[in-house]
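Survey of secondary and tertiary structure
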Amino acid sequence: MPLSVVLFLLDLSLSAPVWASHQHFHPHSIKIPGDITLGGLFPIHARGPHGLPCGELKKEKGIHRMEAMLYALDQINGDPSLLPNITLGARILDTCSRDTYALEQSLTFVQALIQKDTSDIRCSDGLPPIIRKPERVVAVIGASASSVSIMVANILRLFEIPQVSYASTAPELSDNNRYDFFSRVVPPDSYQAQAMLDIVKALGWNYVSTLASEGNYGESGVDAFMQISREAGGVCIAQSVKIPREPTDGEFDKIINRLMETSNARGVIIFANEDDIKQVLEAAKRANLTGHFLFVGSDSWGAKSSPVMELEDVAEGAVTILPKRASIDRFDQYFMSRSLENNRRNIWFNEFWEDDFRCKLTRPGVEVDPGKKKCTGQERIGRDSPYEQEGKVQFVIDAVYAVAYALHSMQQQLCGDQSDGGVCSAMDPVEGRSLLGYIRDVNFNGSAGTSVLFNENGDAPGRYDIFQFQMTNHSHPGYHVIGQWTNNLRLNLEEMQWSGGDKSLPDSICSYPCKPGERKKMVKGVPCCWHCELCDGYQYQADEFSCEMCPLDMRPVANRTGCRPTPIIKLEWNSPWALVPASLSMLGILATCTVVITFVRFNDTPIVRASGRELSYVLLTGIFLIYLITFLMIAEPGVVVCAFRRLLLGLGMAITYSAMLTKTNRIYRIFEQGKRSVTPPKFISPTSQLLITFILVSVQVFGVFVWFAVVPPHTIVDYEELRPPNPDLARGILKCDMSDLSLICCLSYSIVLMVTCTVYAVKSRGVPETFNEAKPIGFTMYTTCIVWLAFVPIFFGTAQSTEKMFIQTATLTISMTLSASVSLGMLYIPKVYVILFQPEQNIQKRKRSFKGVVQAAQLSHKSIKENQNGRSNFEPDRTQ
């Protein structure tokens with residue numbers, strides 16, 4: 001993840017007041033007090049539907065694993081020989097099985113490490129606030145999914161917080177340069193892939209397919225298997241199929257059909273989640289292919305019953321792998337003894353209780369559905385509901401103990417022979433990089449009796465049990481251990497049986513011709529065997545054995561046997577995306593010219609003079625330029641057009657809002673000064689106002705000319721912007737060298753002026769009606785802000801659209817046209833109407849002196865005070 005994104009999220013997380021309550025920061029977390037605090041990340045809930053962050057409760061992967069951490073903390077804190085006189089606490093968060101949500105939650109762990117200046121913050125009584133410093137998290141246990149761990153690891157490494165995962169197995173997490181503070185007590189998928197390759201070779205297969213769920217786990221697992229098989233040789237990959245994150249109806253039937261395209265490759269290496277495995281088996285059964293595919297499943301399949309339930313005949317013979325583990329009996333006793341009374345520290349336990357016992361708890365003021373069974377609180381886990389220890393409980397406990405033993409070693413070395421133990425000054429605070437070194441050096445017997453240790457990349461050693469799902473010739477059908485893998489495979493082939501109880505080894509061998517657009521990937525040392533790899537993306541088949549990328553300005557033909565030129569597009573004048581903005585801008589230009597002509601014709605009339613003729617003409621010039629930019633944005637890009645785009649894109653808005661800002665600032669200063677004295681403020685003359693306006697505008701002009709000097713304007717053909725995965729949709733775009741970022745930067749100064757003008761308009765809202773030229777400006781700015789707030793999501797929300805250039809150009813020009821029209825309509829159309837159609841009102845009225853303005857300001861100030869004191873601001877005029 002880019003550092004800028006991480007820092008942006010940090011800024012968001014810290015933008016709330018630092019004195020906010022604890023619950024405001026952590027509404028969904030468990031806090032266990034202690035001398036040293038560990039963080040915890042668990043998928044308590046599933047990914048939420050329809051954009052919601054969280055979905056249904058995950059009892060096993062969420063609650064069981066999280067309770068395992070609480071259990072481990074209890075055991076450690078109750079052991080006087082481990083971390084004497086130090087109590088381990090915890091801050092446990094719910095990742096909701098979503099990487100982006102987990103990243104937001106994990107910002108909690110780094111708040112204590114960030115110094116935030118609060119010197120300018122005061123309470124209502126003027127005293128500095130009492131700031132509740134968040135607890136310092138020294139290490140984080142988690143996360144579960146590899147995608148979540150990858151996202152969280154990017155931010156934890158910035159603050160040197162060690163992370164120990166209990167379930168993330170993606171090979172890329174072994175990269176000690178990118179994830180140097182990440183460790184795990186489970187072996188990476190690269191070991192698992194090696195074990196699965198050894199199984200394939202032991203079975204005599206040399207032609208298999210791979211199947212992966214889209215995401216870090218599935219894709220990286222398959223990538224690791226394919227890489228190892230290429231390096232080792234002797235095994236050909238027939239096809240590598242990916243299961244989408246959100247599969248459509250019939251997707252799994254298509255996958256089965258695709259696997260059948262290489263029907264001799266009966267062996268299928270599968271890295272997929274439980275739901276995808278089950279649906280693959282269902283699709284195979286629908287296709288009447290029971291017994292055809294020979295699955296070799298990763299640890300996500302393992303020895304789970306849910307993927308094969310009611311599909312036993314299709315799954316028969318499947319070989320699966322699982323990290324060597326054991327059920328922790330003491331945890332079973334602990335968990336089955338949990339109740340509503342003794343487990344209040346788990347804020348999700350009530351939800352678990354309702355889900356586990358299929359009942360509803362009564363809550364004050366909440367009526368329970370009469371059709372729902374009420375919870376009595378006397379239910380017991382394992383007695384009134386089924387219970388089986390979740391497979392990763394052992395690894396959660398080992399992860400917590402790994403950090404505890406590391407802290408224990410740190411305490412012994414840094415604190416020396418201090419008899420009372422506890423956290424000494426040398427450990428306060430715990431230094432993250434130092435703790436990481438102690439974590440990497442631990443070596444102890446884990447909860448299952450096996451050694452827990454890490455290599456230089458933070459990975460645990462690979463130890464796996466090999467299972468086969470067997471149905472016939474057994475008194476207990478199900479998964480049976482047929483071997484083990486610890487750096488090498490021990491497989492009992494005599495105990496293996498396949499569909500229908502057949503004990504003879506089935507075949508899965510090469511080779512078949514490749515289709516057009518596919519290349520032959522020869523297996524080293526096996527010249528008769530190859531697998532067919534599709535020349536995907538923008539590749540074409542260069543020869544029988546290789547694919548090459550088409551040049552940047554070309555794309556592959558339909559059958560991928562060559563390349564063809566990529567069409568070049570630009571915004572045409574007859575396109576609806578151009579006609580609509582151009583028509584609106586033309587109307588705006590006509591309206592602007594009408595106003596200018598009217599003002600020139602009636603230049604010396606009271607309304608024109610009262611509106612501030614000088615600034616009005618400046619403002620109308622800016623509005624005219626805003627309308628004009630539409631035609632430059634639509635025009636065919638060239639050096640001159642690109643230069644004028646740069647110059648006028650922000651200049652019109654800068655002129656318009658500089659003039660408005662000058663006006664509102666003048667009104668605000670006049671009435672603020674009037675509250676204090678009868679001396680008029682400085683710089684309120686027309687000449688001064690023009691000078692101020694031109695100074696503000698010159699900032700924009702200077703910035704543009706600096707841009708000209710650094711990067712002279714020119715055109716480019718952008719083949720990257722519309723280069724989607726499907727090459728048929730690729731287009732080259734002829735455009736000026738203005739990226740989205742440079743465009744926003746060009747407008748940013750105008751937006752600052754607009755926001756500042758809005759602020760002054762808000763401040764001047766209490767000015768009396770008869771003096772208040774700020775009100776129409778205020779309404780103008782409010783409306784303009786709404787227009788631009790709508791512009792941002794539309795502009796950036798179309799970044800992946802195939803018509804991005806058209807939509808963004810139309811959105812930008814229409815937004816600018818609307819903002820100009822708002823300014824023109826609210827500030828000048830009413831004046832023009834009076835001048836042309838109600839000339840009797842365009843007469844000289846009593847000239848206001850500054851003394852009159854002062855009196856009005858004082859009356860206004862007095863009225864506001866009376867309103868604040870609860871008195872009516874209306875009193876009858878008793879002088880009449």
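Model, not experiment: these values are computed from the prediction.

Counting its secondary structure elements, the protein chain contains 24 helices and 27 strands. For the protein chain, the residues scored as buried account for 50% of the 880 residues in total. In the protein chain, the share of contacts with a sequence separation of at least 24, taken over all contacts with a separation of at least 6, comes to 69%. Accessible surface, the protein chain: about 41,500 Å² in total, of which carbon and sulfur atoms supply 55%.

All told, the structure shown has 7 disulfides when counted by the stated rule. Disulfide pairing places Cys 54 opposite Cys 96 at an S-S distance of 1.7 Å. Across the disulfide from Cys 54 to Cys 96, rotation about the S-S bond amounts to roughly 80°, and the bridge is consequently right-handed. Highlighted residues: Cys 54 in strand β4 (residues 54-57) and Cys 96 in the loop between β5 (88-94) and α4 (99-106), separated in sequence by 42 residues.

So, on to the packing of helix α8 (residues 251-260) against helix α9 (residues 274-286). Viewed as axis vectors pointing N to C, α8 and α9 meet at an angle of 65°, and their least axial separation amounts to 9 Å. In terms of orientation, α8 lies roughly perpendicular with respect to α9. Relative to α9, α8 is oriented so that their crossing is right-handed. Contacts from Phe 252, Asp 253 and Ile 256 of α8 reach α9 at Asp 276, Gln 279, Val 280, Ala 283, Ala 284 and Arg 286. Residues of the contact of α8 with α9, tallied by class, amount to 5 nonpolar, 1 polar and 3 charged.

Now for empty space enclosed by the protein. Within the structure shown, the criterion is met by 2 cavities of 30 Å³ or more. Its boundaries defined by the atoms lining it, the largest cavity holds a volume of some 130 Å³. Listed by contribution, the elements that provide at least two residues to the lining of the largest cavity are α13 (393-415) and β15 (451-453).

What follows covers the sheet that holds strand β13 (residues 319-323). Across the sheet, which stays open at both edges, the 8 strands sit in the order β10-β9-β11-β12-β13-β16-β17-β18 with mixed pairing between neighbours. The open sheet terminates on both sides in strands that have one partner only, identified here as β10 (236-243) and β18 (489-491). Each strand of the sheet is rotated relative to its neighbour by a mean of 25°, with strand direction disregarded. The sheet contact formed by strand β11 (residues 267-271) and strand β12 (residues 294-297) spans 4 bridges and is parallel. Residue pairing in the sheet places Val 268 in a bridge with Phe 295 of β12. Each of β9 (207-213), β10 and β11 touches helix α7 (residues 216-232); the most contacted strand, β9, lies at about 155° to it. In the packing of α8 onto the sheet, the strands contacted are β9, β10 and β11, and the crossing angle to β10 comes to about 170°.

Time to look at the sheet that holds strand β26 (residues 715-722). Strands sit in the order β25-β27-β26 across an open sheet of 3 strands; the sheet is mixed. Every other strand in the sheet has two partners, leaving β25 (568-569) and β26 as the edge strands with one partner each. Note that β26 and strand β27 (residues 731-736) share 5 bridges and pair antiparallel. Looking at the pairing, Asp 718 lines up with Ile 733 of β27.

Below, the discussion takes up the nonpolar core. Within the largest apolar cluster, 68 residues are counted, with the highest numbers of intra-cluster contacts made by Leu 38, Met 66, Met 69, Leu 88, Leu 407 and Leu 435. Ranked by the residues each element gives to this core, the list is headed by α13, at 14 residues. When sequence neighbours within four positions are dropped, the list of residues in contact with Leu 88 reads Pro 33, Gly 34, Ile 36, Leu 38, Leu 73, Ile 76, Asn 77, Leu 83, Ala 404 and Leu 407. Listed in part, the 66 residues of the second largest apolar core include Val 618, Ile 634, Val 697 and Leu 824.

Quick look at a nonpolar patch on the surface now. Together, Val 580, Leu 584, Met 586, Leu 587 and Leu 590 make up a nonpolar patch on the protein surface, roughly 440 Å² of accessible area in all. Note on placement: Leu 584 falls in helix α15 (residues 576-601). Since its relative accessible area comes to 34%, Leu 584 is described here as partly exposed.

Here Asn 342 lies in the loop between α11 (329-336) and α12 (349-357). Judged by its relative accessible area of 39%, Asn 342 is partly exposed. Engagement of the side chain of Asn 342 in a polar contact is seen with the backbone oxygen of Ser 337, the distance being 2.9 Å. Within the structure, Asn 342 has its side chain in polar contact with the backbone nitrogen of Ser 339 (distance 2.7 Å).

Here we take up the side chain of Ser 229. As for its placement among the helices and strands, Ser 229 is situated in helix α7. Ser 229 sits in the buried class, given a relative accessible area of 1%. Contact partners of Ser 229, with chain neighbours within four places excluded, come to Leu 197, Val 235 and Ile 237.

Counting buried positions along strand β2 (residues 36-42) gives 7 out of 7 residues, so the element sits mostly inside the fold. Of the two faces of β2, the one lined by Ile 36, Leu 38, Gly 40 and Phe 42 and the one lined by Thr 37, Gly 39 and Leu 41 are each fully buried. Direction of pairing for β2 relative to β5: parallel, over a ladder of 7 bridges. From the neighbouring strand, Thr 37 faces β5, where its bridge partner is Gly 89. In terms of strand pairing, β2 meets strand β6 (residues 137-141) through 4 bridges, oriented parallel. By the bridge assignment for β6, Leu 38 is matched with Ala 139.

Counting across every chain of the model gives 22 aromatic pairs. Seen from their ring centres, Phe 335 and Tyr 387 are 5.4 Å apart, and the 25° between their planes marks the pair as stacked. Here Tyr 387 lies in the loop between α12 and α13 and Phe 335 lies in helix α11, a separation of 52 residues in the sequence. Under the relative-accessibility criterion, Phe 335 is labelled buried at 0%. Aromatic rings pair up to connect Tyr 71, Phe 331, Tyr 334, Phe 335, Phe 349, Phe 352, Trp 353, Phe 357 and Tyr 387 into one cluster.

A separate point is the confidence of the model for the protein chain. Overall, the prediction assigns the protein chain a mean pLDDT of 82, with 85% of residues at 70 or greater. Within the protein chain, the element-level pLDDT minimum falls on helix α2 (residues 22-25), averaging 35, and the maximum on strand β7 (residues 163-165), averaging 96. Note on residues 1-27: pLDDT under 50 across the span, and 38 contacts to partners over four residues away in sequence or across chains.

It is possible for side chains bearing opposite charge to pair when their charged atoms get close. Enumeration according to the criterion identifies 24 salt bridges in this entry. The salt bridge partner of Asp 718 is Lys 735, with a shortest N-O separation of 3.0 Å. One end of the pair, Asp 718, is in strand β26; the other, Lys 735, is in strand β27, with 17 residues separating them in the sequence. As far as the burial class goes, Asp 718 and Lys 735 line up, both buried. Each of Lys 59, Asp 355 and Asp 356 takes part in one network of salt bridges that share partners.

Conventions and cut-offs
Residues numbered from 1 in each chain as written. Predicted model: local features only at pLDDT ≥ 70, side-chain atom pairs only at ≥ 80, totals over all residues. Heavy atoms only, no water. Helix = DSSP H or I, 4+ residues; strand = E, 2+ residues; numbered from the N terminus. Buried < 20%, exposed > 50% of the residue type's maximum accessible area, 1.4 Å probe, protein only. Contact = heavy atoms within 4.5 Å. Areas by Shrake-Rupley, 256 points an atom, 1.4 Å probe, with all protein chains shown as cover. Disulfide = S-S within 2.5 Å. Axes fitted to C-alpha atoms, helices over the stretch in contact; angles between N-to-C directions. Parallel < 35°, antiparallel > 145°, perpendicular 65-115°, else oblique. Left-handed = near helix turned anticlockwise from the far one by under 90°. Nonpolar A, V, L, I, M, F, W, Y, C, P; charged D, E, K, R; others polar. 1 Å grid on protein atoms, 1.4 Å probe; cavity = no way out; pocket = protein on both sides within 12 Å on 5 of 7 lines; lining within 4 Å. Points joined across faces, edges and corners; volume = space filled by probe spheres on them. Pairing = 2+ DSSP bridges. Core = buried A, V, L, I, M, F, W, Y, C linked by side-chain atoms within 4.5 Å. Patch = residues over 30% accessible without salt bridge, like charges linked within 9 Å, V, L, I, M, F, W, Y side chains within 5 Å. Salt bridge = Lys/Arg side-chain N within 4 Å of Asp/Glu carboxyl O. Polar contact = N/O pair within 3.5 Å; in protein donor to acceptor, adjacent residues only side chain to side chain. Phe/Tyr/Trp six-rings, centres within 6.5 Å; stacked < 30°, edge-to-face > 60°. pLDDT = per-residue confidence, 0-100.

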